[in-house]
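Letter by letter, the chains look like this.
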Amino acid sequence: MSVQPGWYVDPADTETRRYWDGEGWLGAPIPVDATPPDGPPPPEPPPAPVTPAAPAASATPDAVTAPPGWPPHPGPPQGYGPQPGPPPGYGPPPGYGQQPGHGPGWGPQAGPPGWGPQPGQPAWAPPPGHPGWPGRPPEPRPHGLRLAGYGRRLVARLIDFGLVFALNVVVNGWFVWRWAQEWAPYWQEVFRRAARGDNSADGLPMPSEQASSLLVAILLIATALWLAYEVPAMAAGGQTIGKRVMRIRAVPMAADQPLGVRRALSRWSTLGLPTLLWYCAGLGLVLQLVDALSPLFDHPLRQALHDKRAQTVVVEVPDRPDSAPANDRDQPPGDTP
């Protein structure tokens, strides 16, 4: 997934903002708190050519000091360097200012090792891997906030699962116990025959039809508890208890604001509703596992499937409230993190 063209905070200088055209930076930077224009910046006028003034004909190496490396064309112009045939006793002494590989007193001075452009690298380009290298897209920072890492998101989800499981023990415990009682005779007989080396399935005591009804009731209650735990908290502040502990939260891509009930419900349903499909040979569990692993393969916003459906991203909560941007209108969606 490529970064869309727009004005973004320059990763190399967070005090400025530049225009990203989808492949590289374009135009000159502007202050980060300035309102960017609509569309790309106007093209910069080409610099006016500078014509060097010709030195005076009477100039000598003592009167005119040529800049290092000047002139660019082969050979010194008239009036530069030692003049042929000076009268005896005039001009610099022999060897005066002579550099290796150049005439007496002529040409640029040798610089220190590593100075100037290196072979195969333009003089204006930053080294490869630099955040401002034109061939490397900037790391997105939605609304100026860092994207949450997968480790934080996983730990937050495990904390939430633990809390939802505790609720199920209290509310759903009796139904689970009744369902286990229905299946107990079947599994006891299977283990008894396995101990004798008997692998036949004839005459095994099967559970009653009540076992299927109990399983449906268990899954419905578990799904409802998960819905009641997550959706209201996410709608109000983008955080469950697990996300608060790990200091992350979900925000819409369009603006740094609460999710609202509709977006929170859309986000949860992609991950929570497949719980009802556990009844179908664990199909729901497979779908939830794919959703849980999807941020590892999404770049650059690290969105899970439920994030993509609700158009949300998960970001880190800053340590100080004033570390977030004061005016979100100046931060476009996916601003760069």
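Scroll up for the structure.
Summary of the structure given here. Please read these numbers as outputs of a predicted model, since none were measured by experiment.

Rules behind the numbers
All residue numbers refer to position in the chain's written sequence, counted from 1. Reporting of local features is limited, given that this is a predicted model, to residues whose pLDDT is at least 70; pairs of side-chain atoms are given and counted only at 80 or more, and all residues count toward the totals for whole chains, interfaces and linings. Hydrogen atoms and water are omitted, and side-chain values are computed over all heavy atoms in the structure. Orientation is described by lines fitted to C-alpha atoms, with helices fitted over the stretch in contact, and by angles between N-to-C directions that extend from 0 to 180 degrees. Under the DSSP-based scheme used, a helix requires at least four consecutive residues in state H or I and a strand at least two consecutive residues in state E, with every element numbered from the N terminus. Geometric relationships in this document are graded by angle, where less than 35 degrees denotes roughly parallel, more than 145 denotes roughly antiparallel, 65 to 115 denotes roughly perpendicular, and other angles denote oblique. Crossings are assigned a handedness: left-handed for a near helix turned anticlockwise from the far helix by less than a right angle, right-handed for a clockwise turn. Any two residues whose heavy atoms approach within 4.5 Å are treated as being in contact. Polarity classes work like this: nonpolar for Ala, Val, Leu, Ile, Met, Phe, Trp, Tyr, Cys and Pro, charged for Asp, Glu, Lys and Arg, and polar for all others, with Gly in that last group. Throughout this description, a polar contact denotes any pair of N or O atoms lying within 3.5 Å of each other; where both atoms belong to protein, one of them has to be capable of donating a hydrogen while the other can accept it, and for residues adjacent in sequence the pair is counted only when both atoms sit in side chains. The criterion for strand pairing is that DSSP finds at least two bridges linking the strands in question.

### What to know about the packing of helix α3 (residues 210–237) against helix α5 (residues 260–272)
Piece 1. As a packed pair, α3 and α5 sit with axes 9 Å apart at the nearest point and diverge in direction by 140 degrees. Here α3 is positioned oblique relative to α5, judged by the angle of their axes. Along this stretch, α3 crosses α5, giving a crossing that reads as right-handed. Side by side, α3 and α5 meet where Thr223, Trp226, Leu227, Glu230, Val231, Met234 and Ala235 of the first sit next to Gly260, Val261, Ala264, Leu265, Arg267, Trp268, Leu271 and Gly272 of the second.
Piece 2. Class assignment for the residues of the contact of α3 with α5 results in 10 nonpolar, 3 polar and 2 charged.

### A few points about the side chain of Arg193
Piece 1. Among the structural elements, Arg193 can be located in helix α2 (residues 173–196).
Piece 2. Of note is the side chain of Arg193, whose polar atom sits 2.7 Å from the backbone oxygen of Asp202.
Piece 3. In contact with Arg193, not counting residues within four places along its chain, are Asp198, Ser200, Ala201, Asp202, Gly203 and Leu204.

### Quick look at the pairing of strand β3 (residues 25–31)
Piece 1. Examined bridge by bridge, strand β2 (residues 13–20) and β3 share 4 bridges and lie antiparallel to one another. Bridging from a neighbouring strand, Trp20 pairs with Trp25 of β3.
Piece 2. Counting the residues that bridge the hairpin from β2 to β3 gives 4 residues, and of these Gly22 lies at a positive phi of roughly 100 degrees.

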